[in-house]
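Remarks on the overall topology
Chain by chain, the residues:
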Amino acid sequence: MRKKWDLLIIFIIIAAISIFVNRYFNGRSICLFYNTCGVACPSCGMTRSYIALLHGDIHKAIYFHPLFWAVPLLLIFYKKKRIFYSIALLFIVVWIIRLFLYFPTREPFNFNENAIFPKLYRTIKNKF
């Protein structure tokens, strides 16, 4: 039972850090995947989802990331590989569906033209 409380405390600390980082960066993304590839990562929108949940807006929380409720399950079942990988696979499937529905113009799936790979692509394209 103690381990589950430890996981809950870790989860609360991560949520608090996420809120701080979101306010500090003031709308700019700190996501390494997004800043490298220009495309939202499978967990994109999770911070905004938890912020909306903390404000009591469940509809907006589901909009920003429909699997916000699955993160605690990942923390609880991290040693049970079959359950953990099933939830991780669910994240990938939902990510692909959200890419088809929202990309490239709808939050949280806006395309980042200033990311490393799109800049590199434009540079190579302009040289040839």
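Reading guide: rules and limits
Residues numbered from 1 in each chain as written. Predicted model: local features only at pLDDT ≥ 70, side-chain atom pairs only at ≥ 80, totals over all residues. Heavy atoms only, no water. Helix = DSSP H or I, 4+ residues; strand = E, 2+ residues; numbered from the N terminus. Contact = heavy atoms within 4.5 Å. Patch = residues over 30% accessible without salt bridge, like charges linked within 9 Å, V, L, I, M, F, W, Y side chains within 5 Å. Areas by Shrake-Rupley, 256 points an atom, 1.4 Å probe, with all protein chains shown as cover. Salt bridge = Lys/Arg side-chain N within 4 Å of Asp/Glu carboxyl O. Phe/Tyr/Trp six-rings, centres within 6.5 Å; stacked < 30°, edge-to-face > 60°. Buried < 20%, exposed > 50% of the residue type's maximum accessible area, 1.4 Å probe, protein only. Expected span 1.5 Å × (residues − 1). Arc of directions from axis to C-beta. Polar contact = N/O pair within 3.5 Å; in protein donor to acceptor, adjacent residues only side chain to side chain. Core = buried A, V, L, I, M, F, W, Y, C linked by side-chain atoms within 4.5 Å.

Let's talk about the environment of V39
Along the chain, V39 falls in the loop between α2 (32-37) and α3 (46-54). With 16 residues separating them in the primary sequence, V39 and H55 have C-alpha atoms 27 Å apart. Aside from chain neighbours lying at most four places away, what touches V39 is F33, Y34, L99 and F103.

A few points about a nonpolar patch on the surface
Nonpolar side chains collect at one region of the surface, where L89, I92, V93, I96, I97, F100 and L101 lie side by side and expose about 710 Å² of accessible area between them. As for its placement among the helices and strands, L101 is situated in helix α6 (residues 81-102).

A look at the packing of aromatic side chains
Scanning the model with the defined rule gives seven aromatic pairs in all. Judged by centre distance (6.2 Å) and plane angle (80°), the ring pair of F33 and W95 falls under edge-to-face. Taken together, the residues span a long stretch of sequence, with F33 in helix α2 and W95 in helix α6 at a distance of 62 residues. Judged by its relative accessible area of 17%, W95 is buried. For the ring pair Y102 and F109, a centre distance of 6.1 Å and an interplane angle of 45° mean the geometry is tilted. Considered together, Y102 and F109 belong to a single accessibility category, that of buried residues.

Description of α6
Look at α6: 31 Å from first C-alpha to last across 22 residues, which is about the 32 Å you get at 1.5 Å a residue. When we look at burial in α6, the residues that qualify are I87, F91, V94, W95, R98, L99 and Y102. Buried positions in α6, seen along its axis, are confined to an arc of 145° and lie on one side of it. Seen from the buried face of α6, the exposed residues on the opposite side, beyond 90 degrees, are R82, Y85, L89 and F100. The secondary structure elements touched by the buried residues of α6 are α2, α3, α4 (58-64) and α5 (70-76).

Side note on the side chain of T36
Mapped onto the elements of the fold, T36 is located in helix α2. When neighbours within four sequence positions are excluded, T36 is seen to be in contact with A115, I116, F117 and P118.

Some remarks on the side chain of H65
Position of H65 relative to the elements: it lies in the loop between α4 and α5. A polar contact of 2.8 Å, which involves the side chain of H65, links it to the backbone oxygen of P42. H65 has contacts with P42, S43, C44, G45, M46, S49, F91 and R98, leaving out every residue within four places of it along the chain.

Details of the nonpolar core
Membership of the largest hydrophobic core comes to 13 residues, with the highest contact counts inside it found for M46, Y50, V71 and F91. Grouped together as the second largest cluster of nonpolar side chains are eight residues, V39, A40, C41 and Y102 included.

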